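# A look at the structure
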Amino acid sequence: MINPAKSSFEVSGAFFAAAVETLKEFNHLGQSVLAKHNIDSIDRTLFYPNQLRVDLFEAVYERFGDAGLTWIGLESPRQFFSPEELARSPLQLRLNEPEYQFEGRLHSNPVELEQFFQNFLNAYCEEVTKILVASTLQADYPVGQFLRRHPSGLPLHYLIQLNSKLAKPYSLWSRGTIQFNLRLQLPDGWDFQLTLNKELTHELVSHSEYFFDLVLMPMAPDQNRAYCVLKDRLECREALLKAALDQTFKQEQALKRVHDKTMESIRYAAAVQLNQLPKVSPRHGFKDFAVLWEPKDTIGGDTWWLSSEDSPGPVTLAVIDCTGHGVPGAMTAMLVSNTLTRLFAEDPFCTLETAAAGIGQSLVQSFGSFDQNSDVANGCDLVLIQQVPQSHQLRLGLAGIDVMHYRNAQKKLDWIESPRNGISAKPSADLPMAIRHIDYSVGDRLLITTDGLTDQVGGGERLRSFGYGRTNAIFESTHDKSVNEVLESLMIGMDTWRGTHERRDDVTLVCIDL
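All values reported here derive from a predicted model rather than from experimental measurement.

Rules behind the numbers
Residues numbered from 1 in each chain as written. Predicted model: local features only at pLDDT ≥ 70, side-chain atom pairs only at ≥ 80, totals over all residues. Heavy atoms only, no water. Helix = DSSP H or I, 4+ residues; strand = E, 2+ residues; numbered from the N terminus. Rg over C-alpha atoms; globule rule 2.2 N^0.38 Å. Buried < 20%, exposed > 50% of the residue type's maximum accessible area, 1.4 Å probe, protein only. Contact = heavy atoms within 4.5 Å. Pairing = 2+ DSSP bridges. Axes fitted to C-alpha atoms, helices over the stretch in contact; angles between N-to-C directions. Parallel < 35°, antiparallel > 145°, perpendicular 65-115°, else oblique. Nonpolar A, V, L, I, M, F, W, Y, C, P; charged D, E, K, R; others polar. Phe/Tyr/Trp six-rings, centres within 6.5 Å; stacked < 30°, edge-to-face > 60°. Lys NZ or Arg CZ within 6 Å of the ring centre and 35° of its normal. Salt bridge = Lys/Arg side-chain N within 4 Å of Asp/Glu carboxyl O. Expected span 1.5 Å × (residues − 1). Bend = angle between axes of the 7 residues up to and from the residue.

## Some points on the overall build of the chain
- Scanning the chain from N- to C-terminus turns up 14 helices and 21 strands.
- Relative to a compact globule of 514 residues, whose C-alpha radius of gyration would be 24 Å, the chain shows 26 Å and is just as compact.
- Along the first, second and third principal axes, the C-alpha set of the chain runs to 75 × 60 × 50 Å.
- Taken over 514 residues, the chain has a buried fraction of 54%.
- Nonlocal contacts in the chain, meaning residues at least 24 apart in sequence, comprise 70% of its contacts between residues at least 6 apart.

## Description of the sheet that holds strand 1 (residues 10-12)
- Here we have three strands laid out as an open sheet, ordered 2-1-3, and antiparallel in their pairing. The sheet is open, and its two borders are formed by strand 2 (47-49) and strand 3 (136-137), each paired with just one other strand.
- Direction of pairing for strand 1 relative to strand 3: antiparallel, over a ladder of two bridges. When the sheet's bridge partners are listed, Glu 10 is paired in strand 3 with Leu 137.
- Along the sheet face, helix 1 (residues 13-22) touches strand 1 and strand 2 and points at about 65° away from the line of strand 1.

## A short note on the side chain of Arg 183
- Examined against the element boundaries, Arg 183 turns out to sit in helix 7 (residues 171-185).
- Judged by relative accessible area, which is 10%, Arg 183 ranks as buried.
- Those residues in contact with Arg 183, other than ones at most four positions away along the chain, are Asp 191, Phe 192, Arg 225, Cys 228, Val 229 and Asp 232.

## Comments concerning the environment of Gln 390
- Counting through the fold element by element, Gln 390 comes out in the loop between strand 12 (379-387) and strand 13 (393-399).
- Separated by 72 residues in sequence, Gln 390 and Arg 462 place their C-alpha atoms 50 Å apart.

## Concerning the pairing of strand 14 (residues 403-407)
- Burial analysis of strand 14 places five of its five residues in the buried class, which makes it a mostly covered element.
- Of the two faces of strand 14, both are covered, the one formed by Val 403, His 405 and Arg 407 as well as the one formed by Met 404 and Tyr 406.
- Looking at chain direction, strand 14 and strand 15 (residues 412-416) are connected through five bridges and run antiparallel. Pairing of Val 403 across the sheet is with Ile 416, part of strand 15.

## Some thoughts on the packing of helix 1 against helix 3 (residues 50-80)
- Direction vectors running N to C along helix 1 and helix 3 enclose 100°, while the axes themselves pass 8 Å from each other. Taken together, the axes of helix 1 and helix 3 are roughly perpendicular relative to one another. For the pair helix 1 and helix 3, the contacting residues are Ala 14, Phe 15, Phe 16, Ala 18, Ala 19, Glu 21 and Thr 22 in the first and Leu 52, Arg 53, Leu 56, Phe 57, Trp 71, Ile 72, Glu 75, Ser 76, Gln 79 and Phe 80 in the second.
- Per-class residue counts for the contact of helix 1 with helix 3 are eleven nonpolar, three polar and three charged.

## Describing the packing of aromatic side chains
- Counting across every chain of the model gives 17 aromatic pairs.
- An angle of 75° between the planes, with centres 5.1 Å apart, marks the rings of Phe 116 and Phe 117 as edge-to-face. Across the pair, Phe 117 and Phe 116 agree in class, each one buried.
- Centroid distance Phe 286 to Phe 289: 5.1 Å. Interplanar angle 40°. Geometry classified as tilted.
- Clustering of aromatic rings is evident, with ring pairs tying together Tyr 100, Phe 102, Phe 116, Phe 117, Phe 120 and Trp 190.
- The ring of Trp 497 has Arg 470 lying over it, and the distance from NZ or CZ to the ring centre is 3.9 Å.

## A closer look at the sheet that holds strand 15
- The sheet built from five strands is open, its strands ordered 9-21-18-14-15 with antiparallel pairing. Two strands lie at the open edges of the sheet, namely strand 9 (288-294) and strand 15, each paired on one side alone. With direction set aside, neighbouring strand axes in the sheet form an average angle of 10°.
- Relative to strand 21 (residues 507-513), strand 9 runs antiparallel, the two sharing seven bridges. Across the sheet, the residue bridging to Ala 290 is Cys 511, located in strand 21.
- The sheet strands contacting helix 13 (residues 467-477) are strand 14, strand 15, strand 18 (445-449) and strand 21, and the helix crosses strand 14 at an angle near 30°.
- Along the sheet, helix 14 (residues 483-498) makes contact with strand 9, strand 18 and strand 21, crossing strand 21 at roughly 150°.

## What about unusual backbone geometry?
- A positive phi angle, close to 55°, is found at Gln 138, a residue other than glycine.
- With respect to the element layout, Gln 138 can be found in the loop between strand 3 and strand 4 (144-149).
- Positive phi values are uncommon outside glycine, yet Thr 298 reaches one of about 75°.
- Along the chain, Thr 298 falls in the loop between strand 9 and strand 10 (302-306).

## Overview of the environment of Thr 449
- Following the sequence through the fold, Thr 449 ends up in strand 18.
- For Thr 449, a relative accessible area of 2% gives the class buried.
- Taking the C-alpha atoms as reference, Thr 449 lies 21 Å from Ala 270; in sequence the two are 179 residues apart.

## Concerning the pattern of salt bridges
- Applying the stated criterion across every chain, the model contains 24 salt bridges.
- Asp 55 serves as the salt-bridge partner of Lys 36, at 3.4 Å between the closest nitrogen and oxygen. Within this pair, whereas Lys 36 is found in helix 2 (residues 27-36), its partner Asp 55 is found in helix 3, the two being separated by 19 residues in sequence.
- We note a salt bridge from Asp 402 to Arg 420, for which the minimum N-O separation is 2.3 Å. With Asp 402 in the loop between strand 13 and strand 14 and Arg 420 in the loop between strand 15 and strand 16 (423-424), this pair connects stretches of sequence that are 18 residues apart.
- Arg 420 gets classed as exposed once you look at its relative accessible area, which sits at 56%.
- Residues participating in the shared-partner salt-bridge network are Arg 94, Glu 126, Glu 127 and Lys 130.

## Describing helix 3
- Taking 1.5 Å of rise per residue, the 31 residues of helix 3 would be expected to cover 45 Å, yet its terminal C-alpha atoms sit only 17 Å apart, more than 12% below that figure.
- Residue Phe 64 marks the point of greatest curvature in helix 3, where the axis turns by about 130°.
- For helix 3, a buried count of 24 out of 31 residues is recorded, marking the element as mostly surrounded by other parts of the structure.

Structure (structure tokens):
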């Protein structure tokens with residue numbers, strides 16, 4: 001059993017800075033570990049006791065389990081080296097040498113193919129070992145990463161050994177870093193499977209020896225490196241959010257005993273949900289864009305989604321209002337958002353009909369058996385908006401959420417109403433998503449809002465909903481204001497209307513200048 005307290009082993013500040021940066025969305029978690037060691041901030045040029053790393057990983061593992069450690073391993077290398085530093089690093093330079101460049105003819109010669117990857121992986125491990133050695137001080141064990149012969153003897157099967165000063169349960173951090181590096185360094189067109197070999201992995205007195213089974217294989221024809229990186233991050237991110245929500249759900253069962261810890265976990269889950277929201281880029285082509293996302297209970301069932309700025313397909317936007325709010329709503333929102341990401345990663349030209357069908361299928365797979373015995377159908381209201389390429393036309397997929405279109409030249413507001421149906425885990429009960437086409441001119445403006453705004457009750461003694469009439473009136477009267485000012489005016493209007501009444505639901509508002 002490793003005892004870090006008896007070791008003088010130290011780790012580079014660059015490692016800690018990268019790990020803390022990766023955990024920035026859980027700021028309190030990283031800062032509490034630093035405070036325990038009386039450290040205000042990390043100096044990348046200094047070395048720190050290994051116990052700091054142990055405490056950091058212990059805090060992550062306690063909150064998020066294997067998913068948290070994998071996420072740090074997968075993401076922290078991006079903070080350890082800048083893209084410029086990585087491009088000129090000894091590792092990159094060595095693997096760019098001619099002898100490590102893959103040639104297509106190797107596919108037809110299994111012996112040469114095996115020898116190529118044996119040499120390639122040996123060089124990779126040697127350079128990683130140099131990085132690890134340079135990142136440690138006073139090591140009392142053989143620091144490094146090593147390529148070993150796989151016990152199966154099968155072609156393109158390898159064993160990677162990594163020696164670590166961390167205990168066996170923290171091995172998934174190392175798996176994440178290896179996965180990141182292999183995605184970056186393997187020749188184009190090659191995929192892999194990397195799994196912890198639990199039988200060989202063991203702890204010694206001075207260190208742990210982690211062993212990972214590595215199987216190389218050609219990528220599927222419809223995949224590439226970027227797709228695999230996205231898939232890795234998406235799966236890990238989904239597991240991370242699920243771990244945070246699972247812990248939150250368990251703690252809610254004993255709220256009276258662990259109220260403080262429950263609220264902390266909810267804040268972590270909220271940070272994950274917030275950071276999962278898309279980032280708008282000038283490359284999306286909007287003249288201006290504003291969004292207001294306010295869950296009723298810190299986390300919620302509202303979300304919005306935007307196709308990648310790098311996508312060759314048409315720009316596609318979704319505003320989504322899932323059944324419920326709080327933890328159940330957030331879990332459904334995560335499912336719908338990740339489904340859209342997968343669908344458009346697999347096919348950047350995915351149609352609105354295909355997207356709606358894919359969401360329905362995911363809901364059935366996740367909630368179908370439960371919903372058969374329930375009066376409540378888990379699902380969502382949503383609107384999908386897709387730019388028709390090389391035109392001033394938008395294609396709308398309406399399933400429970402309306403769109404307001406202000407035509408600037410005519411000073412006219414068009415209210416595009418959706419059928420009052422969404423997408424659920426009971427597809428037989430759903431009406432088809434309504435498809436509409438609208439023409440627009442430069443300078444036009446769109447408003448999309450979930451029903452947390454329009455259904456908010458207030459208005460004094462005679463309670464009424466805020467409604468679309470008041471929403472449209474404010475939207476039309478602020479046509480000469482910025483998109484951010486429009487959203488601010490709507491929220492002021494709603495808060496004034498509700499007075500002392502409780503917020504009814506999550507609220508998401510999106511305003512776009514075309």
